[in-house]
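Analysis of the macromolecular model
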Amino acid sequence: MEQLTLKIFYLKKRVVFPYCTLTVILKLTGDTREIKKGDKVLAYTVRTIIDILLYRNGLATLSEVLDVVNDEQSVKIMLKGLTRVRIRRVIKFKYADFASLKQEEIGPHESIMDELRKKSQELIFLINVEESDKLIKLLNYIVDLNQMTDFISNYFVMDFGKRYRLYNTLGAKERGQLLIAELTELIDKMAKKRKKISL
């Protein structure tokens, strides 16, 4: 298992899912000033200071910097998640050694993917946003269960605790089943809310 070292960013209650983008604003320091487009960094979600201290074997997202905008006090960085990795060692809280995760062999999970598409479309119709058609088309193009579960978790699950749980569920099949339950709950809540409004 190959081990590498990269700059680490601690993101308080924010998750960078693989295959998805997230814009973060960090304090402008000597370290953040050096970040440039195309760099690879680690995005590590922290809930409390304990996550920083007990980092060993924690999950982080190997990410690519898509864009950097500096002002006098902060730096706005757009990150694109590439893959989950395990943190092995943190060096002076600025860099981390990490190891790639062994790729899970994914068999065909058509029934889970079909159910995820169906639930997502149902939710999209309930939300009825301008991008609804675009989101449905995107979902139809995704054929990998890992990518689909991360995409849906990123765009449809807003509660941090649930996002964090989904992110930390490594098996694509398990993550898919957990996500179906979350989407079902969301759809029920929204349908009840709509019913109350129409009464």
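Not measured: the values here are computed from a predicted model.

Looking now at the overall build of the protein chain. A tally of helices and strands in the protein chain yields seven helices and six strands. When the helices and strands of the protein chain are listed from N to C terminus, the series reads β-β-α-β-α-β-β-β-α-α-α-α-α. Expected size for 199 residues packed as a compact globule is a radius of gyration near 16 Å; at 18 Å, the protein chain falls within 12% of this value. Accessible surface computed for the protein chain: about 11,900 Å², of which carbon and sulfur atoms make up 53%. Both charge centroids of the protein chain, one from 36 positive and one from 26 negative side chains, sit 5 Å from each other.

Our next topic: the confidence of the model for the protein chain. Per-chain confidence: the protein chain averages 89 in pLDDT, with 92% of residues scoring 70 or above. Mean pLDDT values over the elements of the protein chain span from 77, in helix α1 (residues 30-33), up to 97, in strand β3 (residues 40-46).

One full turn of an α-helix is made of 3.6 residues, so residues set three or four places apart face in the same direction. End to end, helix α3 (residues 110-127) covers 25 Å across 18 residues, agreeing with the expected 26 Å (1.5 Å per residue, within 8%). Of all the residues in α3, the buried ones are I112, M113, L116, R117, K119, S120, L123, I124 and L126.

Here we take up a nonpolar patch on the surface. A contiguous nonpolar patch, built from I49, I50, L53, L54 and F93 and spanning about 560 Å² of accessible area, is present on the exposed surface. Its place among the elements puts F93 in the loop between β5 (74-91) and β6 (95-100).

This part takes up the packing of aromatic side chains. What the rule picks out here adds up to four aromatic pairs. Look at Y10 and Y44: their rings are 6.1 Å apart centre to centre, the planes differ by 70°, and that puts the pair in the edge-to-face class. Taken together, the positions of Y10 in strand β1 (residues 3-12) and Y44 in strand β3 put the pair 34 residues apart, joining distant regions of the chain.

In this section: the pairing of β3. Here β3 lies mainly inside the structure; six of its seven residues are buried. For β3 and strand β4 (residues 59-70), the ladder comprises four bridges, and the chain directions are antiparallel. Bridged to K40 within β4 is E64.

Scanning the model with the defined rule gives 11 salt bridges in all. The salt bridge involving K36 is made with D39; its shortest N-O contact spans 3.5 Å. A network of salt bridges, in which partner residues are shared, links K162, E182, E185 and K189.

Turning next to the packing of α3 against helix α4 (residues 132-141). Taken N-terminus to C-terminus, the directions of α3 and α4 make an angle of 175°; their axes are 10 Å apart at the nearest point. With respect to each other, α3 and α4 are oriented roughly antiparallel. For the pair α3 and α4, contact is made by R117, S120, Q121, I124 and F125 and by S132, L135, I136, L139 and N140, respectively. When grouped by side-chain class, the residues that make up the contact of α3 with α4 number five nonpolar, four polar and one charged.

Further remarks concern the nonpolar core. Membership of the largest hydrophobic core comes to 23 residues, with the highest contact counts inside it found for L116, I152, F156, L179 and L183. Those residues in contact with L183 that sit more than four places away from it in its chain are L116, K119, S120, L123, I152 and F156.

Moving on: the environment of E34. Tracing the backbone through its elements, the reader meets E34 in the loop between α1 and β3. Sequence-distant contacts of E34, that is, excluding residues within four places in its chain, are made with K7 and D39.

A pair of packed helices is captured by two measures, namely the crossing angle of their axes and the spacing between those axes. Packing of α4 against helix α5 (residues 145-156) leaves a shortest axis separation of 10 Å and a crossing angle of 160°. The angle between α4 and α5 falls in the class roughly antiparallel. When you trace α4 past α5, the crossing you get is left-handed. For the pair α4 and α5, the contacting residues are L135, L138 and L139 in the first and M148, F151, I152 and F156 in the second. Classifying every residue of the contact of α4 with α5 by side-chain character gives seven nonpolar, no polar and no charged.

Each value, and the rule that gives it
Residues numbered from 1 in each chain as written. Predicted model: local features only at pLDDT ≥ 70, side-chain atom pairs only at ≥ 80, totals over all residues. Heavy atoms only, no water. Helix = DSSP H or I, 4+ residues; strand = E, 2+ residues; numbered from the N terminus. Rg over C-alpha atoms; globule rule 2.2 N^0.38 Å. Areas by Shrake-Rupley, 256 points an atom, 1.4 Å probe, with all protein chains shown as cover. Lys, Arg positive; Asp, Glu negative; His and termini not counted. Charge placed at Lys NZ, Arg CZ, Asp CG, Glu CD. pLDDT = per-residue confidence, 0-100. Expected span 1.5 Å × (residues − 1). Buried < 20%, exposed > 50% of the residue type's maximum accessible area, 1.4 Å probe, protein only. Patch = residues over 30% accessible without salt bridge, like charges linked within 9 Å, V, L, I, M, F, W, Y side chains within 5 Å. Salt bridge = Lys/Arg side-chain N within 4 Å of Asp/Glu carboxyl O. Phe/Tyr/Trp six-rings, centres within 6.5 Å; stacked < 30°, edge-to-face > 60°. Pairing = 2+ DSSP bridges. Axes fitted to C-alpha atoms, helices over the stretch in contact; angles between N-to-C directions. Parallel < 35°, antiparallel > 145°, perpendicular 65-115°, else oblique. Contact = heavy atoms within 4.5 Å. Nonpolar A, V, L, I, M, F, W, Y, C, P; charged D, E, K, R; others polar. Core = buried A, V, L, I, M, F, W, Y, C linked by side-chain atoms within 4.5 Å. Left-handed = near helix turned anticlockwise from the far one by under 90°.

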